[in-house]
Structures are given as C-alpha cells and as structure tokens.
Amino acid sequence: MGRFLNQGNRKFAEFSQSKYFVDKTVLINKLLQKDADGKFVCNSRPRRFGKSVTADMLVAFFSRGTDSGKLFEPLQCVKDALFLASMNQYDTIFVDIQAQFGAAQFEHKAPVPYINGNIVRELQEAYREIEKSANEGSALATVLTEIYYRTGCQFVIIFDEWDYPIREFGEDNSDRKDYIEWLRSLFKNSDAKEYVRLAYLTGIMPIVRTKGQSAVNNFMEYTMTNPMDLAQDIGFTEEEVRALCDRFEVSFERMKEWYNGYYLNGTAMYNPLSVVRALACRQFQQYWTTTGTYGDMDDLISRNFDGLREDVIRMLSGNRVLVSVANGKNDLQSFKNKSEVLTALIHLGYFAYDSNTHEAYVPNKEIQQVFYQYMEDSKQDHLSGFMKVSEQILSAVMEGDAVKTAQQIQLVHNDFISSIEYNDENSLSCTIMIALISAFRYYHKPIREFPCGKGFADLVYLPLANKPNCPVIVVELKWDKGAAAAIAQIKNRQYPASLREYAGEILLVGIDYDKKTKQHTCLIERCMHTSLL
C-alpha cells in the first residue's frame, strides 16, 4: 500500500461503519459499464457534497493487492461477473490535488514535478522492470505507457479536487499552466485509452471547454446543471434522508425545510454534511455554509453585472430568475456577464437550478441564512440598505400601519427593483415578496396561490415552528380595484377559516396598484382564529 498507489480500503472501511453511512456503491456498477469513451469521468459538486467519500470508495474497490470482498458484500452494489472480475484488480493512483499543491508549497517545490515524481517513484518500486528506464523526472504518462505495453496492466486514476489550480490561480500563473500541460500529457496522448481503465476526477467547478483547458475536454462531465445518469450518486436523496430521520427520530419536515432544494434530473438531493451534522447535533442550523467563508460569493456579487444584486434579492424573496448556464466559467475570475456569475454560484451550491425552466433559485433555509447574513453585513450600501427597508416594512405590517406599508412598498419598487415592470398580478406578487424578504426570521418561505376556503390566496406567510406567537399573514393583491376590494375577497372566500390550525392572530393585508397613478395602497385588518369557528 502506497501513499499514491493502491492506498487500500482503510478509509472507506472506516466510513462504512459510521452510523450515518449511506450506501452509494451502485455508482461502481455504473462506472464499470462505461464504454471506452465514457471511462473518462469528471464529476463536479459543491464543497462537502460527498465527492471525497466517493473517491475513497473507488480506491477501496479497485486497489490491487487489497481484499475488499467482505467490505462490499453487504452493500447495494450488484455483484455481477464484471463487478467481481474487477474488484481489486487494477493499480489505482489517487491524488488529492489541493492537498498536494499545499504540500509542495510547504516544501518550497514546484507542485507538478513534486506530484509527478512521487507517483513515478512508487511505480518504480511496484514495477522493477521499469526501474532502469524511468526516474523521478520521467513523465507519468511515459511510465504508464511503458508499464502497459510491457505488462498489459491498466490503471485507475482518481484525482480529488482536480480543479483547484484552475479555480484558484490566474491564467498567467506558471503552476496552473504546468498543471494543465501535465493533465494533457496524461489524458490526451494517443496511449491514454489503452493504459486507463478509469479516469475519475472530482471537483467543484465544471470543465470549461476552451483552449486553455483542452487537457480534459475528452472527459464526460456530470455537473449540478447536467448530472445525467449519476444524479443520485453524489449527495443524499430525499428517500435516504427520510430513512435517516426515521432511524434517529428527527423531524424530516424540518430537515427538508433546512437542507432540501437541489433537484438533479428531477431527484431531490441534500448536502450530506448538513444532514449528518443536524442528525448528530439534533439542531437545524447552518452547517455546510460555516465550513468556509462567503468570500467567493461576495467577490462575485459585488461585480453586479446587469443588475445581479437585484436578481439575488429576487431569489432570496422566494422568486426565481432565468439564467443561461451554457457558457460557465470555473476560474472565479474571468467573468463577463450576469449569467456566468449565476452559473458559478450554482456550481458552488449557493443557488439551485431547474433544468426544465432554466431558472435559478435559493434552495433552502440554510442558504437563505448565509445570504441574509451576507446582506446584513455587506459593505455594499444597496444590499444593506435594502434589508433595513424590508425590516421597516415588516414592522409596519405587524403594527397594522397600512399607510407606511404602502409607502415603503412604493420605495422598494422605485429604488431597489425598478427593473420589474408591472404587467400582471404576478409581477406585483414578486414585488411584495421582495419587500417582505426580512420575514425569513419568523416565517417559512411565502406560499403563492395558497388553497384557502373557496379560492386561492395570493400570498400566505406561515410562522416558523419556533415562532408560534407570530400571526399568519394573508396577502391579497388587486389592480385598479382598491385595497378594500382585496380585503373583501379574503373574507368573502373565507381564506382565514382554512388557517385554524395555526394559533394566534391572522393579519389580512390587501394591496392595490393603480396603473394610472402608479401608486400602491394598502389596508390591514386583524382577526383571531377563534372568531372564525
């Protein structure tokens, strides 16, 4: 067992004994079945989404000289002929690229020769027949080619955090350039398809198919925006999370509210780190977002391409925005427009993506929390100023101050989201959701078209479980009919009667927009649930 070559199954064996272990071994079957072109795989997911654990699983399965039969026997992987014939039959090279770049820097060495030399040295020890023809300065691709043609042995190559040098270093950085050339020599030479049994790269950002990154443009890519058949294999599915919640007697509904929201090929996916820590601590709060800073997010949003900050505010309020993900970037530096920035934030996990509607949105409460904290702490006056206005609007609603509520909603539309052109009640609804964005501390995400009584309320805010004294807020919107007509509709259609299960008050909020004067008006009334029985 080496440091880079055939690490064995210790890491995965320890992980599989965890009480929070979720079996993802079917991925092995899928990878084994890939054809010659499909055996070059790049799987990108956000930080702490289960990428490294999957890499350890593949190392345990493929590493020559290891006996993993008993380890995989009780797991879900299909033990067909191909599986059994492949287990522990391939020399497996594993490199944590980020860690090795750090190690090289600590030793004051150039990272690519450092990594290349370490791997070649271990290959020399394993294959004595190449000891004389190769030295530590030999190119890894040359050594692998020689081994293959002398012995017929193929290799599994697994690079974790493969994109670290690309996303962290500028295009002119010499270490970055050397790394890309090293990848090209390893995976794009004419013999690579011969000596590679499987090449599996994990990273955060996707491959950008430009000249500068053509070293890996022969890889089949599985991303947050296009996960294809590997959608369920990185991260926890909803069924898996529900089973964990049942086993440890934790509220699945709370878990879903806090950590759900990523839909890959129609499958609801959860960040494993957040789920596991919520189970262990029995508390729902930020976990994934506290493993790093929001520095990347701040750097991206501060550019404010094409009204980016307004779109962030829209999404935080529960709305969605259209985004083109076709031309994404992965160096976190060379952005040219809003779509490129939003696409990067999707791959980083700060936004989710609906591939059917091509829309980005905030996936869950954990991400909401980090964005709200970011906005409150932001040095950008536009964002911090907006949060203060929203808090004033919510306070006015709670106090029943209809005049101030209407005035502040007008201010939000004029000064913060003027790009929204009113053409229907949907756009008005979008404005109200944005104006009440600060309600996140006390309420669930607002529900549009909530089925109530004899119809559907335009917007309903239901208090969080830990805020039972907050009133339910029912909002009805009108055009050119007056705020009184909105309140009358709430009563006539008996919307409040459907909300009896929530204790305390109900605030009835009627808002009208006059297309001629372009002014908002508002009425607010209070009622108690008991008065509806």
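Everything discussed here concerns the structure shown above.
Residues numbered from 1 in each chain as written. Predicted model: local features only at pLDDT ≥ 70, side-chain atom pairs only at ≥ 80, totals over all residues. Heavy atoms only, no water.

(A) Structural context of the overall build of the protein. Regarding its fold elements, the protein presents 22 helices and 16 strands. Counting over 533 residues, the protein shows a buried share of 57%. Of the contacts formed within the protein by residues at least 6 apart in sequence, a portion of 69% connects residues at least 24 apart. Accessible surface, the protein as shown: approximately 22,500 Å² in total, 47% of it carbon and sulfur. (Helix = DSSP H or I, 4+ residues; strand = E, 2+ residues; numbered from the N terminus. Buried < 20%, exposed > 50% of the residue type's maximum accessible area, 1.4 Å probe, protein only. Contact = heavy atoms within 4.5 Å. Areas by Shrake-Rupley, 256 points an atom, 1.4 Å probe, with all protein chains shown as cover.)

(B) Molecular detail of unusual backbone geometry. Unusually for a residue other than glycine, Asn88 sits at a positive phi of about 55 degrees. Locating Asn88 in the fold gives a position in the loop between α5 (81-86) and β2 (91-96). With relative accessibility at 7%, the residue Asn88 sits in the buried group. One non-glycine residue with positive phi stands out, namely Lys518, at about 60 degrees. Within the secondary structure, Lys518 is located in the loop between β15 (505-514) and β16 (519-528).

(C) How the structure looks around helix α22 (residues 483-492). Restricting attention to buried positions, one finds in α22 the residues Ala483, Ala486, Ile487, Gln489 and Ile490. Along the long axis of α22, the arc covered by the buried residues comes to 155 degrees, so they all point the same way. In this structure, the buried residues of α22 make contact with β14 (472-479), β15 and β16. In the segment just after α22, Gln494 is the residue with positive phi, at about 55 degrees. (Arc of directions from axis to C-beta.)

(D) Focus on the sheet that holds strand β9 (residues 321-322). Strands sit in the order β9-β11-β10 across an open sheet of three strands; the sheet is antiparallel. Strands at the two margins of the open sheet, each flanked by one partner only, are β9 and β10 (352-354). (Pairing = 2+ DSSP bridges.)

(E) Here's a closer look at the sheet that holds strand β7 (residues 262-264). Pairing is antiparallel across the open sheet formed by three strands, whose spatial order is β6-β8-β7. The sheet is open, and its two borders are formed by β6 (236-237) and β7, each paired with just one other strand. Bridge count for β6 against strand β8 (residues 267-270) is two bridges, and the pairing is antiparallel. The partner of Thr237 across the bridge, within β8, is Met269.

(F) Fine view of the packing of aromatic side chains. This structure, assessed with the given rule, holds 29 aromatic pairs. Between the aromatic rings of Phe40 and Phe187, the centroid separation amounts to 6.4 Å while the plane-to-plane angle is 85 degrees, which identifies the pairing as edge-to-face. Residue Phe40 is found in strand β1 (residues 40-44), and its partner Phe187 is found in helix α10 (residues 174-187); the two are separated by 147 residues along the sequence. In this pair, the class of Phe40 matches that of Phe187, namely buried. An aromatic cluster of three or more residues is present, and its members are Phe40, Phe101, Phe159, Tyr164, Phe169, Tyr179, Trp182, Phe187 and Phe219. Across the ring face of Phe252, the terminal group of Arg242 is positioned such that the distance to the ring centre comes to 4.0 Å. (Phe/Tyr/Trp six-rings, centres within 6.5 Å; stacked < 30°, edge-to-face > 60°. Lys NZ or Arg CZ within 6 Å of the ring centre and 35° of its normal.)

(G) Expanded view of the pattern of salt bridges. In total, this model carries 20 salt bridges according to the counting rule given. We note a salt bridge from Glu240 to Lys24, for which the minimum N-O separation is 2.9 Å. With Glu240 in helix α12 (residues 238-248) and Lys24 in the loop between α1 (10-16) and α2 (26-32), this pair connects stretches of sequence that are 216 residues apart. Judged by its relative accessible area of 12%, Lys24 is buried. In the salt-bridge network here, residues are joined through shared partners; they are Glu161, Asp163, Arg167 and Glu168. (Salt bridge = Lys/Arg side-chain N within 4 Å of Asp/Glu carboxyl O.)

(H) Highlighting the pairing of strand β3 (residues 155-160). Burial of β3 is extensive: six of the six residues sit out of reach of the surface. Of the two faces of β3, the one lined by Phe155, Ile157 and Phe159 and the one lined by Val156, Ile158 and Asp160 are each fully buried. Strand direction decides the pairing type here: β2 and β3, joined by six bridges, are parallel. Bridge pairing links Thr92 to Val156 in β3. Where β3 meets strand β4 (residues 196-203), five bridges bridge the pair, whose relative direction is parallel. Opposite Ile157, over in β4, you have Ala199 as the bridge partner.

(I) Just the packing of helix α7 (residues 111-126) against helix α8 (residues 140-151), in detail. Taken N-terminus to C-terminus, the directions of α7 and α8 make an angle of 20 degrees; their axes are 10 Å apart at the nearest point. When the axis of α7 is compared with that of α8, the two are roughly parallel. For the pair α7 and α8, the sense of crossing is left-handed. Facing α7, whose interface residues are Asn116, Ile119, Val120 and Leu123, α8 presents Leu140, Val143, Leu144 and Ile147. (Axes fitted to C-alpha atoms, helices over the stretch in contact; angles between N-to-C directions. Parallel < 35°, antiparallel > 145°, perpendicular 65-115°, else oblique. Left-handed = near helix turned anticlockwise from the far one by under 90°.)

(J) Broad picture of helix α13 (residues 252-259). Taken together, the buried positions of α13 are occupied by Phe252, Met255, Trp258 and Tyr259. Take α13 and look down its axis: the buried residues cluster within an arc of 130 degrees, on one side only. At the N-terminal boundary of α13, the capping side chain belongs to Ser251, with an oxygen 3.5 Å from the backbone nitrogen of Glu253. (Polar contact = N/O pair within 3.5 Å; in protein donor to acceptor, adjacent residues only side chain to side chain.)

(K) Looking closely at the packing of α7 against α10. It is at 8 Å that the axes of α7 and α10 come closest, and there the two elements cross at 35 degrees. For the pair α7 and α10, the contacting residues are Pro111, Val112, Ile115 and Asn116 in the first and Asp175, Asp178, Tyr179 and Trp182 in the second. Grouping the amino acids of the contact of α7 with α10 by side-chain chemistry returns five nonpolar, one polar and two charged. (Nonpolar A, V, L, I, M, F, W, Y, C, P; charged D, E, K, R; others polar.)

Structural measurements only, silent on function.
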